[in-house]
Amino acid sequence: MATTTPTTRRAFRRTDDYTPGTPKVKLVEEKLSALGLTSVLIKVHAISLNYRDANIAHGGNPWPVLPNGILCNDAAGEVVAAGEKVKRFAIGDRVAPIIDTQFISGRELGRSWLAADEDGVMADYVIFDEEVLVKLPSYLDCISAATIPCAGVTAWSALKGMSIGQTVLIQGTGGVSVFALKLARAAGLRVILTSSSDEKLQRMKEKYSNPPLLTVNYAKRPDWHEEVLQLTDGVGVDIVVENGGTPSLVQSMKCTRRGGIVSQVGYLGKQDPKDLAELVPVIIDRRVVLRGINGGSRYDTEDFCAALSATRIQLDDLIDSVFPFEKAEEAIEYLWQGRQVGKLVLRL
Ligand SMILES: NC(=O)c1ccc[n+]([C@@H]2O[C@H](COP(=O)([O-])OP(=O)(O)OC[C@H]3O[C@@H](n4cnc5c(N)ncnc54)[C@H](OP(=O)(O)O)[C@@H]3O)[C@@H](O)[C@H]2O)c1
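Residues numbered from 1 in each chain as written. Predicted model: local features only at pLDDT ≥ 70, side-chain atom pairs only at ≥ 80, totals over all residues.

**Examining the pairing of strand 13 (residues 289-292)**
Okay, step 1: Sheet topology note: the strand 12 (residues 256-264)/strand 13 ladder contains 4 bridges and is parallel. Along strand 13, the bridge assignment pairs Gln264 with Gly292. (Pairing = 2+ DSSP bridges. Helix = DSSP H or I, 4+ residues; strand = E, 2+ residues; numbered from the N terminus.)

Here is the structure:
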């Protein structure tokens with residue numbers, strides 16, 4: 001190992017104090033663990049936040065999390081040291097860890113989510129086994145590339161099977177949604193975007209004006225599925241990127257074409273099983289395929305990076321704001337208040 005290899009790192013650990021108004025993370029200096037034979041030390045250049053991070057920081061995650069763990073599962077960085085047996089990466093490579101370190105090919109039985117079952121990446125240095133890393137597309141800077149592993153790969157998985165000319169319903173204007181919008185546009189799909197805010201919809205219409213973006217305000221129109229049906233001449237959409245969970249799932253199915261796909265990605269609404277009373281009749285009647293999305297495997301992430309490299313889709317317009325690493329607390333609060341359209345990134 002080079003003599004300049006750091007032995008400590010700065011990391012934001014959760015306070016686990018869920019009282020409103022109190023800090024949710026604390027900056028600590030801690031010892032870096034020794035580098036294993038097949039592990040890699042990464043100098044982190046950018047960290048991207050997801051709704052999940054704000055939710056975990058506020059104690060709302062539906063799955064268990066490590067006490068005082070490190071938040072975030074999206075980062076882009078550079079290999080600065082590698083164990084003796086590392087084969088897949090060299091010093092200087094730009095890499096990102098995958099978000100579930102036991103989801104490599106898709107055949108694994110276990111699960112280990114970053115920022116939940118194990119520490120996340122909100123730190124200036126991280127160490128991972130080479131098996132859980134992917135090489136990032138060389139045409140993207142680290143700020144853009146940091147959005148790939150979670151939001152990007154989730155949008156990629158949610159749209160799998162789409163083909164040119166189909167219609168997709170994308171719910172909300174958060175990170176996964178704007179990524180899905182961008183991928184859908186690149187793949188020649190017609191997009192119907194929903195939001196609770198006319199102002200956000202207007203901004204998106206201006207940004208994606210050709211062909212015109214179809215939009216629905218789901219807060220103003222509780223029967224928004226009817227409007228989606230009208231926009232598709234009564235047929236329904238081919239794919240839904242479903243973000244609400246129980247309060248919106250049945251409505252999403254009602255505006256999916258017979259035999260279409262609903263990709264269940266999010267759980268942003270208040271989850272209540274009573275909302276699902278009509279699920280079985282509707283799923284049978286409309287022959288809907290309900291598909292659970294859980295990020296993606298390392299292989300999915302590599303496929304997605306290959307698709308990005310081939311199409312050279314620019315991702316910088318997905319970024320709502322870039323905060324300095326030291327302002328992590330502010331970024332979490334901004335996200336928690338839902339002020340973003342797209343992604344928030346911390347720069348190191
Ligand atoms: N399954 C997976 O693999 C996976 C991966 C990543 C994220 N997720 C989940 O996917 C969801 C979105 O994540 P994100 O990081 O994109 O979140 P985000 O950036 O915080 O975006 C949230 C946006 O969704 C919209 N929204 C809020 N409540 C909604 C509701 N009840 N129905 C429809 N839209 C609603 C709002 O947009 P408007 O203000 O425009 O209304 C809000 O700004 C979260 O539940 C997250 O936990 C799942």
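**Some remarks on the packing of helix 7 (residues 246-254) against helix 8 (residues 279-286)**
Okay, step 1: Interhelical geometry of helix 7 versus helix 8 gives an angle of 25 degrees and a closest axis separation of 9 Å. Taken together, the axes of helix 7 and helix 8 lie roughly parallel to each other. Of the two possible hands of crossing, helix 7 and helix 8 adopt the one that is left-handed. When helix 7 is examined against helix 8, the residues Leu249, Val250, Met253 and Lys254 are found in contact with a partner set consisting of Leu279, Val282, Ile283 and Arg286.
Okay, step 2: Looking at the contact of helix 7 with helix 8 residue by residue, the class counts come to 6 nonpolar, no polar and 2 charged. (Axes fitted to C-alpha atoms, helices over the stretch in contact; angles between N-to-C directions. Parallel < 35°, antiparallel > 145°, perpendicular 65-115°, else oblique. Left-handed = near helix turned anticlockwise from the far one by under 90°. Contact = placed C-beta atoms within 7 Å. Nonpolar A, V, L, I, M, F, W, Y, C, P; charged D, E, K, R; others polar.)

**Points about the site of the ligand**
Okay, step 1: The immediate surroundings of the ligand are formed by 31 residues, with Tyr51, Gly172, Gly174, Ser195 and Gly266 found nearest.
Okay, step 2: Sorting the residues of the shell around the ligand by element identifies helix 1 (51-57), helix 3 (148-158) and helix 4 (175-186) as the ones contributing at least two each.
Okay, step 3: Each of domain 1 (8-147 + 315-347) and domain 2 (153-292) accounts for three or more of the residues forming the shell around the ligand. (Near = placed C-beta within 6 Å. Domains from an automatic or database assignment.)

**Some points on helix 3**
Okay, step 1: With 11 of 11 residues buried, helix 3 is to be regarded as a mostly interior element.
Okay, step 2: Looking at helix 3, one finds that the buried residues are Ile148, Pro149, Cys150, Ala151, Gly152, Val153, Thr154, Ala155, Trp156, Ser157 and Ala158. (Buried ≥ 20, exposed ≤ 12 C-beta atoms within 10 Å, placed from the backbone.)

**Regarding the UniProt feature "domain: Enoyl reductase (ER)" (unreviewed entry) in the chain**
Okay, step 1: Residues annotated by UniProt as "domain: Enoyl reductase (ER)" (unreviewed entry) correspond here to residues 21-346.
Okay, step 2: Annotated as residues 21-346, this span is 28% helix and 25% strand, and its ends, taken at the C-alpha atoms, are 21 Å apart. (UniProt positions renumbered as here; feature names shortened; annotations may be inferred.)

**Concerning the domain arrangement of the chain**
Okay, step 1: By domain assignment, the chain separates into domain 1 (8-147 + 315-347) and domain 2 (153-292).
Okay, step 2: Each of domain 1 and domain 2 has a C-alpha centre, and these two points are 28 Å apart.
Okay, step 3: Tallying the contact residues gives 9 residues for domain 1 and 10 residues for domain 2.
Okay, step 4: The class makeup of the residues in the side of domain 1 that touches domain 2 is 4 nonpolar, 3 polar and 2 charged.

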